[in-house]
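Listed here are the chains, written in short residue letters.
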Amino acid sequence: MRIVMHRFFLTVVSVVIVCVMSSTPSSSLAAPTQGRFQAPPIVYTIAGSDSGGGAGIQADLHAIHSMECHGCSAITCLTAQNSCGVSAVHFPPADFLQSQLDALATDLPPRAIKIGMLGTTELAITVGSFLKEMAKASKPYVVLDPVMI
């Protein structure tokens, strides 16, 4: 079951990245063009952190990097988990999540945003408000891939 879920996750992230890449001229990928280095597309992952490294932010960043994009993260929860299960979950305050999102948005505008575990109503509202603001400016691709523990 874990392998099937992992393949599904990679498929979801890959679809987002392919959409980003297909809307990005090939000359704007991480290759020099006429003496200038073009930065790779930026993809945010807004999700939980998996201390076991097999899911959440860690897996998202790995998948994003494998598609030659630059991954940025905003952490919605911290988990104590391994390959056998989750033993504890901690949710940061919504204002801390907002601080992470604001810091990213002021310097690293996203081409796509992947949303995973949100955890609390307050965090979901914070992300929703952030997406409304992003839609006014850059209209990034958004994938909602909620998970449950």
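Everything discussed here concerns the structure shown above.
To start, this report covers the structure provided alongside it. (Residues numbered from 1 in each chain as written. Predicted model: local features only at pLDDT ≥ 70, side-chain atom pairs only at ≥ 80, totals over all residues. Heavy atoms only, no water.)

### Quick notes on the overall build of the protein chain
Part 1 of the argument: Within the protein chain, the secondary structure is distributed over four helices and seven strands.
Part 2 of the argument: Burial statistics for the protein chain: of 149 residues in total, 36% are counted as buried.
Part 3 of the argument: Excluding contacts between residues fewer than 6 apart, the proportion of contacts in the protein chain whose partners are at least 24 apart in sequence is 70%.
Part 4 of the argument: Only carbon and sulfur atoms are counted for the fraction: they give 63% of the accessible area of the protein chain, which is about 8,500 Å². (Helix = DSSP H or I, 4+ residues; strand = E, 2+ residues; numbered from the N terminus. Buried < 20%, exposed > 50% of the residue type's maximum accessible area, 1.4 Å probe, protein only. Contact = heavy atoms within 4.5 Å. Areas by Shrake-Rupley, 256 points an atom, 1.4 Å probe, with all protein chains shown as cover.)

### Side note on unusual backbone geometry
Part 1 of the argument: Non-glycine residue glutamate 68 carries a positive phi angle of around 60 degrees.
Part 2 of the argument: With respect to the helices, strands and loops of the structure, glutamate 68 is situated in the loop between α2 (56-66) and β4 (70-82).
Part 3 of the argument: If you check the backbone angles, lysine 139 has positive phi at about 50 degrees while not being a glycine.
Part 4 of the argument: Here lysine 139 shows up in the loop between α4 (121-137) and β7 (141-144).

### Thoughts on the packing of aromatic side chains
Part 1 of the argument: Under the counting rule described, the total for this entry stands at one aromatic pair.
Part 2 of the argument: Ring plane angle 25 degrees and centroid distance 6.4 Å describe the contact between tyrosine 44 and phenylalanine 130, whose orientation is recorded as stacked. With tyrosine 44 in strand β3 (residues 42-50) and phenylalanine 130 in helix α4, this residue pair connects regions lying 86 residues apart in the sequence. (Phe/Tyr/Trp six-rings, centres within 6.5 Å; stacked < 30°, edge-to-face > 60°.)

### As for the side chain of threonine 79
Part 1 of the argument: Looking at the element boundaries, threonine 79 is found in strand β4.
Part 2 of the argument: Residue classification places threonine 79 among the buried positions, given a relative accessible area of 12%.
Part 3 of the argument: At 2.7 Å, the side chain of threonine 79 forms a polar contact with the side chain of glutamine 81. (Polar contact = N/O pair within 3.5 Å; in protein donor to acceptor, adjacent residues only side chain to side chain.)

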